[in-house]
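# Observations on the three-dimensional arrangement
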Amino acid sequence: MDTTVGLRERKKAETRQAVHEAALRLVVEHGLDAVTVEAIADAANISRRTFSNYFSGKEDALLYGEEQRIRRLVEQVRSQPAGLTAWQALRLSVQELYHQMGEPEREWALRTRLAKRHPSILARQLASLAALERDLADAIAERESTVPPRVMAAAVLVALRLASHKWTEEDQARTLLDVVEETLTHMAQPFA
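This structure is a prediction, so every number in the text was calculated from the model and none was measured.

## Brief notes about the packing of helix H5 (residues 86-101) against helix H9 (residues 176-187)
H9 packs onto H5 with a crossing angle of 170° between their chain directions and a minimal axis gap of 10 Å. In terms of axis orientation, H5 runs roughly antiparallel to H9. For the pair H5 and H9, contact is made by Trp87, Arg91, Val94, Gln95, Tyr98 and His99 and by Leu176, Leu177, Val180, Glu181, Leu184, Thr185 and Met187, respectively. Looking at the contact of H5 with H9 residue by residue, the classes come out as eight nonpolar, three polar and two charged.

## Here we look at empty space enclosed by the protein
Gaps left between atoms show up when a probe the size of a water molecule is rolled over them. Under the counting rule described, the total for this entry stands at one cavity of 30 Å³ or more. Here the largest cavity defines a volume of roughly 30 Å³. If you go around the largest cavity, the residues you meet are Leu63, Glu66, Glu67, Gln125, Ser128, Leu129 and Leu132. Those elements that place two or more of their residues in the lining of the largest cavity are helix H4 (58-78) and helix H7 (119-140). In the lining of the largest cavity, the residues fall into three nonpolar, two polar and two charged.

## Regarding the side chain of His20
Mapped onto the elements, His20 comes out in helix H1 (residues 2-30). Overall, His20 belongs to the buried group, its relative accessible area being 6%. A distance of 3.3 Å separates a polar side-chain atom of His20 from the backbone oxygen of Leu62. Among the polar contacts made by the side chain of His20, one reaches the main-chain amide nitrogen of Gly65 at a distance of 3.5 Å. Non-local contacts of His20, meaning those with residues more than four positions away in its chain, are made with Ala61, Leu62, Tyr64 and Gly65.

## With respect to the UniProt feature "DNA-binding region" (unreviewed entry) in the protein chain
Sites flagged by UniProt as "DNA-binding region" (unreviewed entry) map to residues 36-55. In this annotation, residues 36-55 is assigned 70% helix and 0% strand; the end-to-end C-alpha distance for the span is 13 Å.

## Considering the packing of aromatic side chains
Within this structure, the stated rule accounts for two aromatic pairs. On the numbers, 6.0 Å between centres and 50° between planes, the contact of Phe51 with Phe55 is tilted. Per residue, the accessibility class of Phe51 equals that of Phe55, and both read buried. Taking the relative accessible area as the measure of exposure, Phe55 reaches 6% and is therefore buried.

Calculation criteria
- Residues numbered from 1 in each chain as written.
- Predicted model: local features only at pLDDT ≥ 70, side-chain atom pairs only at ≥ 80, totals over all residues.
- Heavy atoms only, no water.
- Axes fitted to C-alpha atoms, helices over the stretch in contact; angles between N-to-C directions.
- Helix = DSSP H or I, 4+ residues; strand = E, 2+ residues; numbered from the N terminus.
- Parallel < 35°, antiparallel > 145°, perpendicular 65-115°, else oblique.
- Contact = heavy atoms within 4.5 Å.
- Nonpolar A, V, L, I, M, F, W, Y, C, P; charged D, E, K, R; others polar.
- 1 Å grid on protein atoms, 1.4 Å probe; cavity = no way out; pocket = protein on both sides within 12 Å on 5 of 7 lines; lining within 4 Å.
- Points joined across faces, edges and corners; volume = space filled by probe spheres on them.
- Buried < 20%, exposed > 50% of the residue type's maximum accessible area, 1.4 Å probe, protein only.
- Polar contact = N/O pair within 3.5 Å; in protein donor to acceptor, adjacent residues only side chain to side chain.
- UniProt positions renumbered as here; feature names shortened; annotations may be inferred.
- Phe/Tyr/Trp six-rings, centres within 6.5 Å; stacked < 30°, edge-to-face > 60°.

This is the structure:
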């Protein structure tokens, strides 16, 4: 029975990821307004009804990957040893997550960011980030810190976003982790 549940959940996760990747690819290629839920479902080899079982709209499908990365960061923070401060747990979690996920392709990251500038995506992204920010604040709330958890969580998420933007815009051959570490170091003084 546990094997069946595990297999079922794994298949659902694979389908959700396939739908997200199809949405991302189509929106980067054609723009958000030109892409329909039906086109995303067709590209992911699922029905429109199945799409609706996973996502409420194309915006949700498009933002799924970003939301998953932040959820994984929250999980990483929660799994850090109890003796670490909130800041130490966050920094270590960012490094571990980067090593798990690997270096993204710079060109793809830039095109993806441009595709997400659509007003409906930005509104949906803002709502999602607010919820994820609360989750991250909850994950660090029990750790030692001189800064309120909600402030630290918001600051770290902004720093990660800024580092990602800087990385896609610069011509240097630095890794995303190098840019993230530099950005976090710049903001570290009040949190360390």
